[in-house]
There are 2 protein chains.
Amino acid sequence: MIGIDEDRAIADLHRLARFGKCGTGVDRLALTDADIAAREWLRGRMAEAGLDASIDRLGTVYGRAPNAKASVLLGSHTDTVPRGGWLDGALGVIFALETARAWRAAHPSAAVGVDAISFTDEEGTFHACLGSQAFCGDVAEADLAPARNAAGESLLARLAELELSGRAAARLDPRRHRAYLEAHIEQGPRLINDGVDIGIVTGIVGVRRHRVRFEGQADHAGTTPMAMRRDASFAMFRFATEVAARFRAVGTAESVWNFGVVSVKPGAANVVANEAEVVTEYRDLSPAVIDRMEAALLDLLRERDGEGGVAVSANMIGAIAPTAMDERLIAKFAAAAEGEKASFRRMQSGAGHDAMILGRRIPAAMMFVPSIGGRSHDISEDTDEADIRRGLRVFARAVEMTLEALGPDGDGAL
Amino acid sequence: MIGIDEDRAIADLHRLARFGKCGTGVDRLALTDADIAAREWLRGRMAEAGLDASIDRLGTVYGRAPNAKASVLLGSHTDTVPRGGWLDGALGVIFALETARAWRAAHPSAAVGVDAISFTDEEGTFHACLGSQAFCGDVAEADLAPARNAAGESLLARLAELELSGRAAARLDPRRHRAYLEAHIEQGPRLINDGVDIGIVTGIVGVRRHRVRFEGQADHAGTTPMAMRRDASFAMFRFATEVAARFRAVGTAESVWNFGVVSVKPGAANVVANEAEVVTEYRDLSPAVIDRMEAALLDLLRERDGEGGVAVSANMIGAIAPTAMDERLIAKFAAAAEGEKASFRRMQSGAGHDAMILGRRIPAAMMFVPSIGGRSHDISEDTDEADIRRGLRVFARAVEMTLEALGPDGDGAL
């Protein structure tokens, strides 16, 4: 059994939370001074653990087990959303650090090592999952140039300012990196509500977004009879109400959807709206279900287009395919949970994670620990310390089982 | 018959449209240089017609028939909305000017005269119906101090800059002003669609506005199961859809409502909305119907409050009581239309007008001419010249019938 030190890991988690501390949470947007300070600290901790540790040209901190010809890669991200939680990303990175350092201490000259990584900008301050996408070779240089944060700051300018631009890029090496394991907080209420200790992620849902647009005519809201109006806002209300009913009909119990961005123009109480827009986002683990949801949306659009003099149109503004996690690694998490007498549940991840990017290239898996109140992306996010400790034990045990499967030369089957 | 000169009136309308000309319309916001230039010109035309004409401390142009101890007051407004139409307000003012000058020319020493007026800021650049409200004594000095335009300019500062502040106030004198008549464009499509020449306004609808607010909880739109969400935007969609159905059930064929201002926060595609607002405006001529609509809204609010974890609340942000027009004056418009072989229809006004303010103090009535395409508050607003000429003849004839009813000493019953 890898000799992890739970207290040391908990202390590191609290130390990391001091960078960008914001009340009970942290505000550590990618490539801010706080984020870079945290990454410098993390690089130091990895080096102390005996890893070849460096920060790459985009800010990803990569700690490579020296001597090893093969490795299990562990990680997550240390950047956060504005006023975010102290564990989102950080938990997985510290689990990775602790597991890598315990393995390194116990097996300093093993041919199969444990690498640890904190990807840059998972939260999308400049570009969502930037670090893991770049690591996997999924980001072209041309994609980087237009990337800007909410304040309009350019990614490339910021990297130059931080003197990172000239550095080497950390890159996935499928011959070396035999598996990727990530721990994360659930960011939802299922585990906590049902008193389950560990969530084992079967897959990360796919997401599609359509901007649905309604075009009517602006008219005086006092003098234009109801029957003569071409009311874009009311058409949108009716559309969204009905599309939800159809999503419910064609989706599964796990499907989710959201209408988070809404606008109505010209936006005067006494003027009939000539323009309305609603961003309709929907997610499911099954590509077939997502396709059915899209078909339901587009069918309704065709039915309603022109009704009441309002033109309805939609364009897809985002599509991420579902990513299945590796069944062999899932089985290791389950066995590890049993070994630790932790209750567990197989579940999908409704949120995107770096494991989604890695999982398209190498065998990958994720586990969740419970989130108190299901809160995340907020300073109120938290997890009971006993759940963190139990999670670390399960995680380290699953890593150990993965290393065992790979064998002393790293050429075993998972 | 009053000897009106249609060509002269049409020429004056076109002359007035040159002040603040903006494509096919005009941009003549209250108290801008263009508005003041138009008012100076109008004052001059009134003076040429033999009226005691002046611009008052707020910009209202008042042309008083000298010698007369009683009068019929005619008017409307010469200010416009941004990029507004050339006839909205202007038509009624030029009809007033032409009728007053024709009467003055024919009966220079009559004891009963025709006064003409262009109220300031009907459109609410600083304060809606400012001129007519001040004329009727409905505006306290304390109401003027905070009045500002969209650019944040103070009304009082602008009046001082224009050197109007020290002037006398034009004021309603119920002993003198025996009736108020106003002509206006319809600003809606009913007359034009049905080929009717003249609309005779039976009353001006009342308006109520509620800001309806939905408070839920912001959650990750991927990780929070549908059943655990407190989704403010979806609650708003369902509410507005249902409130429209209930308004239809309790309202009349003439009732109208609108959802012109909508907002959803925090406004991210992947975050369940914790806050949504919709301004719900509704209008009817009958106070009882408006009360029923309000009750329907508040009943639904009570039914829905708390449903799906979303709190629903509303506060009234505006209420204008309906104003009935004077039946005796309505009858004169009808008789005048018959005399001119013009088809006419009794109809409500869905928009507010200066006649709404005057009608609370003295007998008042309004007539409409058709609006091409029902357009208004836009530079595309227009009316066929034949309809303008016919409208002027009907208007002047109705004024003459009113003067006849008042008798040579102005003490007859309407």
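This report concerns the structure included in the present document. (Residues numbered from 1 in each chain as written. Chains lettered and ligands numbered in written order. Predicted model: local features only at pLDDT ≥ 70, side-chain atom pairs only at ≥ 80, totals over all residues. Heavy atoms only, no water.)

1. A word on the pattern of salt bridges
All names here are of chain A. For the structure on display, the rule yields 81 salt bridges over all chains. Linking Asp7 and Arg389 is a salt bridge whose minimum nitrogen-to-oxygen distance equals 2.8 Å. Of this pair, Asp7 sits in helix α1 (residues 6–17) while Arg389 sits in helix α12 (residues 385–406), and the two are 382 residues apart along the sequence. The residue Arg302 makes a salt bridge to Asp299 at a minimum N-O spacing of 2.9 Å. Placement of the pair is Arg302 and Asp299 together in helix α9 (residues 287–304), with a separation of 3 residues, close to one helical turn. Residue classification places Asp299 among the partly exposed positions, given a relative accessible area of 36%. When salt bridges with common partners are traced through the structure, they connect Glu6, Asp7, Glu340, Glu385, Arg389, Arg393 and Arg397 into a single cluster. (Salt bridge = Lys/Arg side-chain N within 4 Å of Asp/Glu carboxyl O. Helix = DSSP H or I, 4+ residues; strand = E, 2+ residues; numbered from the N terminus. Buried < 20%, exposed > 50% of the residue type's maximum accessible area, 1.4 Å probe, protein only.)

2. Remarks on the relation of the copies chain B and chain A
Relative to chain A, chain B is turned by 180° and slid 0.3 Å along the rotation axis, the superposed coordinates differing by an RMSD of 0.3 Å. Here the two chains are linked by the operation of a two-fold rotation axis. No C-alpha of chain B lies nearer the rotation axis than that of Phe237 of chain B, which sits 2.3 Å from it. Same-surface contact between copies: 100% of interface residues of chain B are shared with the interface of chain A. (Least-squares fit on C-alpha atoms with pLDDT ≥ 70 in both. Contact = heavy atoms within 4.5 Å.)

3. With respect to the packing of helix α1 (residues 6–17) of chain B against helix α2 (residues 33–48) of chain B
Residue and element names in this part refer to chain B. It is the contact of α1 with α2, at a shortest axis distance of 11 Å, that shows an interaxial angle of 155°. With respect to each other, α1 and α2 are oriented roughly antiparallel. Regarding α1 and α2, the two cross each other, and that crossing is right-handed. When α1 is examined against α2, the residues Arg8, Asp12, Arg15 and Leu16 are found in contact with a partner set consisting of Ala38, Trp41 and Arg45. Among the residues making up the contact of α1 with α2, the classes are represented as 3 nonpolar, no polar and 4 charged. (Axes fitted to C-alpha atoms, helices over the stretch in contact; angles between N-to-C directions. Parallel < 35°, antiparallel > 145°, perpendicular 65-115°, else oblique. Left-handed = near helix turned anticlockwise from the far one by under 90°. Nonpolar A, V, L, I, M, F, W, Y, C, P; charged D, E, K, R; others polar.)

4. Quick look at helix α3 (residues 90–106) of chain B
End to end, α3 of chain B covers 24 Å across 17 residues, agreeing with the expected 24 Å (1.5 Å per residue, within 8%). Most of α3 of chain B sits out of view: 15 of its 17 residues are buried. (Expected span 1.5 Å × (residues − 1).)

5. Points about the pairing of strand β9 (residues 206–215) of chain A
Residue and element names in this part refer to chain A. Inspection of the sheet shows β9 paired to strand β11 (residues 275–284) by 10 bridges, in the antiparallel sense. Of the residues in β11, the one forming a bridge with Arg211 is Val279. One ladder, built from 9 bridges, connects β9 with strand β12 (residues 311–320); its direction is antiparallel. Its bridge partner being in β12, Val207 is matched across the sheet by Ile320. (Pairing = 2+ DSSP bridges.)

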